[in-house]
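# Coordinate analysis (summary)
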Amino acid sequence: MACLLPQSVLLGNWTEKQCQVVKSQRPEEKASSDILASIDFFGTGGLVSQSNGRGKVGTAPPKGTATLGEEEEEEEEERSSDLEQEIESHPPAGKRKRTADKPVKKKKKTTKNQSAAADTEDATEKSEGADSEGIQWMSALDKKAKGSLDKSKDKTWKRLKHLQQEKVNKIRHQNRINVHGSDVPDPMTTFEQIQEEYGIDPRIIQNIRQAGFEAPTPIQMQAIPLMLHNREILACAPTGSGKTVAFCLPILAALRKPVNKGFRALVIAPTRELASQTHRELVRLSEGLGFRVHMIDKGAEAAKKFGPKSAKKYDILVTTPNRLIYLLNQDPPSVDLSRVEWLVVDESDKLFEDGKSGFREQLATVFLACSCPRVRRALFSATCAPDVEQWCRLNLDSLVSVNIGQRNSAADTVEQELLFVGTESGKLVAMRDLIKKGFLPPVLVFVQSIERARELFHELVYEGINVDVIHAERTQLQRDNVVSSFRSGKIWVLICTALLARGIDFKGVNLVINYDFPTSSVEYIHRIGRTGRAGHRGKAITLFTEDDKPLLRSIANVIKQAGCPVPEYMIGFKKIHSQERRKMMKKPPRRATIRTTPRFLLKKGHGKGKSKNTEKEKKKEKKSGNVQNTPGETTAT
């Protein structure tokens, strides 16, 4: 290889020092030296060669020759390529083999202090790599850290959800709330919580406070959120547990404000007394909101008021089934229910009964008349019959069943007692004995028929107590006057039939007397439910004879479930067949007449006995009319 040697070598001045190999330069130093070497400092156009560390001016090398620096570069490149091949053929232990087609990326060492910024650095590296090479790189450690972070978040969420569910279960367990359904909202323990969660008008909560409700009752805790979520429900709660407010508050919250579009909510009750009570509660809770709450009193007047030509300035309708059916059967119908959004059936098990005492056919007509696609239905009662629950599961969408305490059980605030009197004549003796011992009015006395209510009234009117009677054969004006007098305290003892056994809320009834044994446990629960309401204590006394033995077992079980003492022999009575039970419910047993006048006096066709007895009966009727009835009102007979 041709080589350009220094002048001292050509002249023969060869020394050991000059024979040392020139040290190879780094690429950076080589580049700088090449640049410096290419500069013509003296303007001679020649090249500056390196020799003994000094620059010397010389002539340009001939074509085909190479300088010493170029030879050293080639040798260095050959050595580096040989070294790379040797490394590739024998990679060191613990290191991965480097491929020529994939660029090597230096891995940054992360410390514990840098673990918090791992995601940010990784994202930066990804973006840089994508911009420069078009390939995204992800560290296995970073991916593992991200996965563990997602898992930790998931575990935290599950833990919080589990704690919330435990809290909800505790509230339901403490208040004996049993719920069956899907996607059930959590119960609300305060009215303020309900207001914040669902945006209820503050005036509604204020009206509830003024009505005496400090906190929601168990049925209100669960039923109000369900109805505010537009869920269809079947609610069963003990008597006096606040079911009326449980459906009145969601209705007012759903309607929001008065609109002249006709009735948007409908409440059906089995008796006019219960409908009047519900109407009164709705008016009180909607005070200051402007809602128009109406109740059907007379069909002819209602036809003109709510007919097709009316201005539709009404929002809520409260009525009984028969009065509503009368208006719907008019041609054209005198009431339009096509815009009803909420249909509430109070005392649903009574309305669903078969036969003359039930309203199943009327309810079917009403349900068809409520043709709005947004209509929602809610059924409330103190007792739940199996056929009602079956109908609801078949006809209601996404049904939620709510039960407070044990189903078909009596309120635990009522002290219950069974009193054996032997025969029918012993009942009147027991009644007079209770009056003689003294009692704290007001008192409700239940009998099984209208005739027996009249007979007992004529016997008790001589006992020196303010007593009156109410039944279905009295006029509506008489019934309203009797109820108002009983509420105000003018009447101490009120004799009634099953008319008042459903839903009527008399504040402060201290004693309920079942003069005639109830025909079923459901009827018994509703009777004694007129006392012990809204947390107050009450007492119920049930008189029974030898003829009541077949029905005694079911009533004794209800009393035992409520925690009251019951003789063990009553529980051991033989259970009657279901067909026989239904027969006794429809047709109560015949009982002897309530009368203290000897029979031989009644059989005489003449004589003083009969005339005196007749005069006494007339005096009793006049006296009862003067004491209990308001001016212009006739007596019960």
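## Observations concerning the environment of Ser371
If you trace the backbone, Ser371 turns up in the loop between α14 (360-369) and β9 (376-381). In sequence terms Ser371 and Ser338 are 33 residues apart; their C-alpha atoms lie 5.0 Å from each other. Those residues in contact with Ser371, other than ones at most four positions away along the chain, are Leu337 and Ser338.

## Remarks on the packing of helix α19 (residues 521-528) against helix α20 (residues 549-561)
Axes are the key here: two packed helices are described by the angle between their axes and the distance separating the axes. Two numbers describe how α19 lies on α20: the axes approach to 9 Å, and their chain directions differ by 45°. Here α19 is positioned oblique relative to α20, judged by the angle of their axes. Here the hand of the crossing between α19 and α20 comes out right-handed. The residues of α20 that touch α19, namely those facing Ser521, Tyr524 and Ile525, are Ser554, Ile555, Val558 and Ile559. Classifying every residue of the contact of α19 with α20 by side-chain character gives five nonpolar, two polar and no charged.

## Quick notes on the pattern of salt bridges
Under the defined criterion, the tally for this structure stands at 31 salt bridges. Notably, a salt bridge pairs Lys539 with Glu417, separated by 3.6 Å at the nearest N-O pair. Separated by 122 residues along the polypeptide, Lys539 in strand β16 (residues 538-545) and Glu417 in strand β11 (residues 414-422) bring together distant segments of the chain. In this structure, Glu424 engages Arg591 in a salt bridge whose closest nitrogen and oxygen atoms are separated by 3.1 Å. In this pair, Glu424 sits in helix α16 (residues 424-437) while Arg591 sits in the loop between α22 (578-586) and α23 (599-603), placing the two residues 167 residues apart along the sequence.

## Looking at the confidence of the model for the chain
When pLDDT is averaged along the chain, the result is 77, and 69% of the positions lie at 70 or above. Contacts from residues 1-24, a stretch scored under 50 in pLDDT, to residues over four places away or in other chains number 16 contacts. For the stretch residues 620-637, pLDDT sits under 50, and the model shows 38 contacts to residues farther than four places along the chain or on other chains.

## Focus on the sheet that holds β16
Strands belonging to one sheet form pairs held by backbone hydrogen bonds; the direction of such a pair is parallel or antiparallel. With parallel pairing, the six strands of this open sheet are ordered in space as β11-β16-β15-β12-β14-β13. Where the open sheet ends on each side, the last strands, each with one partner, are β11 and β13 (467-470). Each neighbouring strand pair of the sheet contributes to a mean axis angle of 20°, computed without reference to strand direction. Contacts from helix α17 (residues 450-460) reach β12 (443-446), β13 and β14 (493-496), with the element oriented near 170° to β13.

## Details of the pairing of strand β15 (residues 511-514)
Alternating residues of β15 divide into Leu511 and Ile513 and Val512 and Asn514, and every residue in both groups is buried. Relative to β15, β12 runs parallel, the two being bridged by four bridges. Note that in β15 the partner of Val443 across the bridge is Leu511. Alignment of β15 against β16, held across four bridges, turns out to be parallel. In the sheet register, Ile513 faces β16, and the bridge partner there is Ile541. Between the parallel pair β15 and β16, the chain is carried across by α19, and the sense of this crossover is right-handed.

About the cut-offs
- Residues numbered from 1 in each chain as written.
- Predicted model: local features only at pLDDT ≥ 70, side-chain atom pairs only at ≥ 80, totals over all residues.
- Heavy atoms only, no water.
- Helix = DSSP H or I, 4+ residues; strand = E, 2+ residues; numbered from the N terminus.
- Contact = heavy atoms within 4.5 Å.
- Axes fitted to C-alpha atoms, helices over the stretch in contact; angles between N-to-C directions.
- Parallel < 35°, antiparallel > 145°, perpendicular 65-115°, else oblique.
- Left-handed = near helix turned anticlockwise from the far one by under 90°.
- Nonpolar A, V, L, I, M, F, W, Y, C, P; charged D, E, K, R; others polar.
- Salt bridge = Lys/Arg side-chain N within 4 Å of Asp/Glu carboxyl O.
- pLDDT = per-residue confidence, 0-100.
- Pairing = 2+ DSSP bridges.
- Buried < 20%, exposed > 50% of the residue type's maximum accessible area, 1.4 Å probe, protein only.
- Right-handed = clockwise from strand over helix to strand, strands pointing away.

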